[in-house]
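# Fold and geometry: a report
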Amino acid sequence: MKKTSWILILFVCVVLLTVGIAYGKNMDLFNDINPVDPEGNGDEQAVFSPPDCQLKAWLNDKTQAGDEPEEVDYSAILLARAKKAEAEKAAAEKAEMERVAIAQNTQNQKTTVTQPIAKKPASSSPEPPKTPVEEPSEPDDPIPPQDEPETPSLKAPSGTAHTTAEAKVLTLVNGARAAEGLKPLTVNKNLIWLARLRAVDLVENNDSKLDHDTPTYGRAGGMLQDAGIAYKGYGENLALCSSPDSAFNLWMGSDGHRRNILSPNFTQTGVGIAYNSSSRLIICQIFINI
């Protein structure tokens, strides 16, 4: 009876050991085929997808308008992968263009034929010199003066107001301020106009790339001064996004943008939106303290 019990106990141990080994192999197999989290540590950065939005924040909340601000750029991390892919694509296109140019040059050298120059027979008597005949030249057509494109006035037209999308941004911003016990920002139509000009400038003259130093208008501080708007401090939030909601959510998750939105010093604002060729929004919001 005792011998039978020992055999039964040994059999049960072997079965349990076999089941445990099989379970461990199945767990290893699951981790190996998990493309999001191959190490099982919760890091999902293995999935490469283009960023939905790009951000930039600028804060110059000084007591003197001429103080030099410090720029905080929060788009570098979001755009790192996209810029790397763009650089690799540009390098490949350049190499292909060089290869095509070399091939065309080689083909032209093969097909070029040098024509012999026929020699004139020697004349027994010298030819009399020819008298040059002057022909009247045609008068050149006058070139009409080229009209340079006019830079839009920095003064807001009468009736300037937020569009539906721009008003949505302001509603979200003032809602966040109210949740923190802050006063809402009031609308300044001149800031709306300047923000729109800056957004359009980035779309048309900067290939939709975010930059607080726009090609036409430069920094927002200088633009405010040129427009005759007095301020003690100013801030600017930029975003390239698919909607006002996505831009606001990312702004609130970024220290620099959130500081502009929730600054108790800022009292007035204006939002400007421009659409690029991909129907994405470049959003510019200017804050000032007067």
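What this report covers is the structure whose coordinates are included nearby. As the structure is a computational prediction, the values presented were derived from the model and not from experiment. (Residues numbered from 1 in each chain as written. Predicted model: local features only at pLDDT ≥ 70, side-chain atom pairs only at ≥ 80, totals over all residues. Heavy atoms only, no water.)

## Here we look at the pairing of strand E6 (residues 281-289)
We apply this condition: Exposure classes here rest on a 1.4 Å probe applied to the protein chains alone. A residue is buried below 20% of its type maximum, exposed above 50%, and partly exposed in between. Secondary structure is summarised from DSSP: a helix means a run of H or I of at least four residues, a strand means a run of E of at least two, and numbering begins at the N terminus for each. Pairing between strands is defined by DSSP: at least two bridges between them are needed.
Counted residue by residue, E6 has nine buried out of nine residues, so it is predominantly covered. A two-sided burial pattern is seen for E6, the buried positions comprising Leu-281, Ile-283, Gln-285, Phe-287 and Asn-289 on one face and Ile-282, Cys-284, Ile-286 and Ile-288 on the other. As paired strands, strand E5 (residues 268-275) and E6 are joined by eight bridges and run antiparallel to one another. Bridged to Tyr-275 within E6 is Leu-281. Connecting the antiparallel pair E5 and E6 is a turn made up of five residues, with Ser-279 showing a positive phi of about 60°.

## Section: a nonpolar patch on the surface
Test applied: Each patch is assembled from residues with relative accessible area greater than 30% and no salt bridge, linking like charges that lie within 9 Å and nonpolar side chains (Val, Leu, Ile, Met, Phe, Trp, Tyr) that lie within 5 Å. Each accessible area value is a Shrake-Rupley result obtained with a 1.4 Å probe; residue values ignore everything except the protein chains displayed when judging cover. For this analysis, a salt bridge means a side-chain nitrogen from Lys or Arg found within 4 Å of a carboxyl oxygen belonging to Asp or Glu.
A surface patch of nonpolar side chains, about 490 Å² in accessible area, is lined by Leu-8, Phe-11, Val-12, Val-15 and Leu-16. For Leu-8, the location among the structural elements is in helix H1 (residues 2-33).

## Regarding the pattern of salt bridges
Counting across every chain of the model gives three salt bridges. Glu-166 is the partner of Arg-196 in a salt bridge, and the nearest nitrogen-oxygen pair spans 2.9 Å. Note that Arg-196 is positioned in helix H4 (residues 189-205) and Glu-166 in helix H3 (residues 164-179), a separation of 30 residues in sequence. Glu-166 carries the same exposure label as Arg-196, and that label is buried. In this structure, Asp-245 and Lys-168 form a salt bridge, with 3.9 Å as the shortest nitrogen-oxygen distance. Within this pair, whereas Asp-245 is found in helix H6 (residues 244-252), its partner Lys-168 is found in helix H3, the two being separated by 77 residues in sequence. Using a relative accessible area of 35% as the deciding quantity, one classes Lys-168 as partly exposed.

## Details of the environment of Ala-199
What counts is decided by this rule: Every residue pair with non-hydrogen atoms within 4.5 Å of one another is taken to be in contact.
Here Ala-199 is to be found in helix H4. The exposure class assigned to Ala-199 is buried, which follows from its relative accessible area of 0%. Residues Ala-199 and Cys-284 lie 85 residues apart in sequence; the distance between their C-alpha atoms is 6.0 Å. Leaving out residues up to four positions away in the same chain, Ala-199 has contacts with Gly-272, Ile-273, Ala-274, Ile-282 and Cys-284.

## Here's the deal with the packing of H3 against H6
Heads up, the rule is: Interaxial angles span 0 to 180 degrees and are taken between N-to-C directions of axes, which are lines fitted to C-alpha atoms, for helices over the stretch in contact. Crossing handedness: left-handed means the near helix sits turned counterclockwise from the far one by under a right angle, and right-handed means the same turn made clockwise. Think of it as three bins: nonpolar holds Ala, Val, Leu, Ile, Met, Phe, Trp, Tyr, Cys and Pro, charged holds Asp, Glu, Lys and Arg, and polar takes everything else, Gly as well.
Look at H3 against H6: their axes get within 9 Å of each other, and the N-to-C directions meet at 30°. At the point where H3 passes H6, the crossing takes the right-handed sense. Of the residues in H6, those in contact with Ala-165, Lys-168, Val-169, Leu-172, Val-173 and Ala-176 of H3 are Pro-244, Asp-245, Phe-248, Trp-251 and Met-252. For the contact of H3 with H6, the class distribution of residues is nine nonpolar, no polar and two charged.

## Observations regarding the environment of Gln-225
The test is simple: A 3.5 Å cut-off defines polar contacts: any pair of N or O atoms within that distance qualifies, except that in protein one atom must be a possible hydrogen donor and the other a possible acceptor, and neighbouring residues in sequence count only when both atoms are side-chain atoms.
Looking at where Gln-225 falls in the secondary structure, it is placed in helix H5 (residues 220-226). Gln-225 gets classed as partly exposed once you look at its relative accessible area, which sits at 47%. Here the side chain of Gln-225 touches Tyr-231 through a polar contact of 3.4 Å, side chain to side chain.

## Some points on H4
Note the cut-off: Here the expected span of a helix is defined as 1.5 Å times the quantity of residues minus one.
Taking 1.5 Å as the rise per residue, H4 with 17 residues should run 24 Å; its terminal C-alpha atoms sit 24 Å apart, in good agreement. Taken across its 17 residues, H4 has 12 buried, putting it largely inside the fold. Within the sequence span of H4, burial applies to Leu-191, Ile-192, Trp-193, Leu-194, Ala-195, Arg-196, Leu-197, Arg-198, Ala-199, Asp-201, Leu-202 and Val-203. Buried residues along H4 sit against H3, strand E3 (186-187), H5, strand E4 (233-241), E5 and E6. For H4, the N-terminal cap is Asn-188; the gap from its side-chain oxygen to the backbone nitrogen of Asn-190 is 2.9 Å. The positive-phi residue at the C-terminal boundary of H4 is Asp-207, with phi of around 55°.

## A look at the nonpolar core
We apply this condition: In this description, a nonpolar core means a group of buried Ala, Val, Leu, Ile, Met, Phe, Trp, Tyr and Cys residues linked to one another through side-chain atoms lying within 4.5 Å.
Counting 26 residues, the largest nonpolar core has Leu-194, Leu-224, Tyr-234, Ile-282, Ile-286 and Ile-288 as the members making the most contacts within it. For this core, the secondary-structure elements that each account for two or more residues are H4, H5, E4 and E6. The element contributing the most residues to this core is H4, with eight residues. The residues contacting Ile-286, other than those within four sequence positions of it, are Leu-191, Leu-194, Ala-195, Arg-198, Gly-235, Glu-236, Gln-268, Thr-269 and Gly-270. Membership of the second largest hydrophobic core comes to 22 residues, among which are Val-169, Leu-172, Phe-266 and Phe-287.

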